[in-house]
Amino acid sequence: LMGHPEVIQVIYRARLPFVIDVLAEETALALLENPTLISDRVAQLKAGTRMLQEALRAMPGVDTLPSEANFVVFRTALESEALVAGLLQHGVLIRSVAGYPELPRFVRVNAGTDEENRQFLRALDMLIQELP
């Protein structure tokens, strides 16, 4: 969209907060016509989240919070930013949630594929082993 900035601002006020393109819309409609695809993926995510929760609880020095989502919130002795940076060096991307006052040093990891979950746990284990 091109136009005078004042006109564009007025148009943006009327725009929906979440813009969905035609491809996303068609994909969503196709998934709704095949609910087995959704239920299979939901089952995989739930299993992956359970596996991550159990593995993290078994690691020394790791505290987890209960989760009913597709991610696990946890903390280690490392500051959250150091943990995020350390895992990124191993090709694992997680998110710090330490910006919430109730969650100092906490991070969150989303459940992924079995291999992604294993890669995350291996990298986290290596970082924990390196702690003094």
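Residues numbered from 1 in each chain as written. Predicted model: local features only at pLDDT ≥ 70, side-chain atom pairs only at ≥ 80, totals over all residues. Heavy atoms only, no water.

## Re the overall build of the protein chain
Right, on to step 1. A count of helical and extended segments in the protein chain gives five helices and four strands.
Right, on to step 2. Scanning the protein chain from its N terminus toward the C terminus, one meets helices and strands in the order α-α-α-β-β-α-β-β-α.
Right, on to step 3. Scaling as 2.2 N^0.38, a compact globule of 132 residues should have a C-alpha radius of gyration of about 14 Å, whereas the protein chain reaches 20 Å, well beyond that.
Right, on to step 4. Over its C-alpha atoms, taken along the principal directions, the protein chain stretches across nearly 60 × 40 × 25 Å.
Right, on to step 5. For the protein chain, the proportion of contacts with a sequence separation of at least 24, taken over those separated by at least 6, is 55%.
Right, on to step 6. Surface accessibility of the protein chain: about 9400 Å² in total, with carbon and sulfur atoms responsible for 59%.
Right, on to step 7. When the 12 basic and 17 acidic side-chain charges of the protein chain are each reduced to a single mean position, those positions are 4 Å apart. (Helix = DSSP H or I, 4+ residues; strand = E, 2+ residues; numbered from the N terminus. Rg over C-alpha atoms; globule rule 2.2 N^0.38 Å. Contact = heavy atoms within 4.5 Å. Areas by Shrake-Rupley, 256 points an atom, 1.4 Å probe, with all protein chains shown as cover. Lys, Arg positive; Asp, Glu negative; His and termini not counted. Charge placed at Lys NZ, Arg CZ, Asp CG, Glu CD.)

## A look at the side chain of T49
Right, on to step 1. Note on placement: T49 falls in helix α3 (residues 35-58).
Right, on to step 2. Residue contacts for T49: discarding those within four places in its chain leaves S67, A69, N70, F71, V72 and A111.

## A closer look at the packing of aromatic side chains
Right, on to step 1. Scanning all chains against the criterion turns up one aromatic pair.
Right, on to step 2. Look at F74 and F120: their rings are 5.9 Å apart centre to centre, the planes differ by 65 degrees, and that puts the pair in the edge-to-face class. Here F120 lies in helix α5 (residues 114-130) and F74 lies in strand β2 (residues 71-75), a separation of 46 residues in the sequence. For the residue pair F74 and F120, the accessibility class agrees, reading buried in each case.
Right, on to step 3. Taking NZ or CZ as reference, R108 lies 3.8 Å from the ring centre of F71, over its face. (Phe/Tyr/Trp six-rings, centres within 6.5 Å; stacked < 30°, edge-to-face > 60°. Buried < 20%, exposed > 50% of the residue type's maximum accessible area, 1.4 Å probe, protein only. Lys NZ or Arg CZ within 6 Å of the ring centre and 35° of its normal.)

## As for the nonpolar core
Right, on to step 1. Core analysis: the largest hydrophobic core is formed by 22 residues, its most contacted members being L56, F74, L83, L87, I94, F120 and L124.
Right, on to step 2. Secondary-structure elements contributing two or more residues to this core are α3, β2, α4 (80-88), β4 (106-110) and α5.
Right, on to step 3. With six residues, the single largest contributor to this core is α5.
Right, on to step 4. Not counting the four nearest positions on each side in its chain, L124 is found in contact with L56, M59, F74, T76, L83 and L87. (Core = buried A, V, L, I, M, F, W, Y, C linked by side-chain atoms within 4.5 Å.)

## Focus: helix α2 (residues 22-33)
Right, on to step 1. With twelve residues, α2 should cover 16 Å at 1.5 Å per step; its first-to-last C-alpha distance of 17 Å lies within 8% of that length.
Right, on to step 2. Its side-chain oxygen placed 3.2 Å from the backbone nitrogen of L23, D21 serves as the N-cap of α2. (Expected span 1.5 Å × (residues − 1). Polar contact = N/O pair within 3.5 Å; in protein donor to acceptor, adjacent residues only side chain to side chain.)

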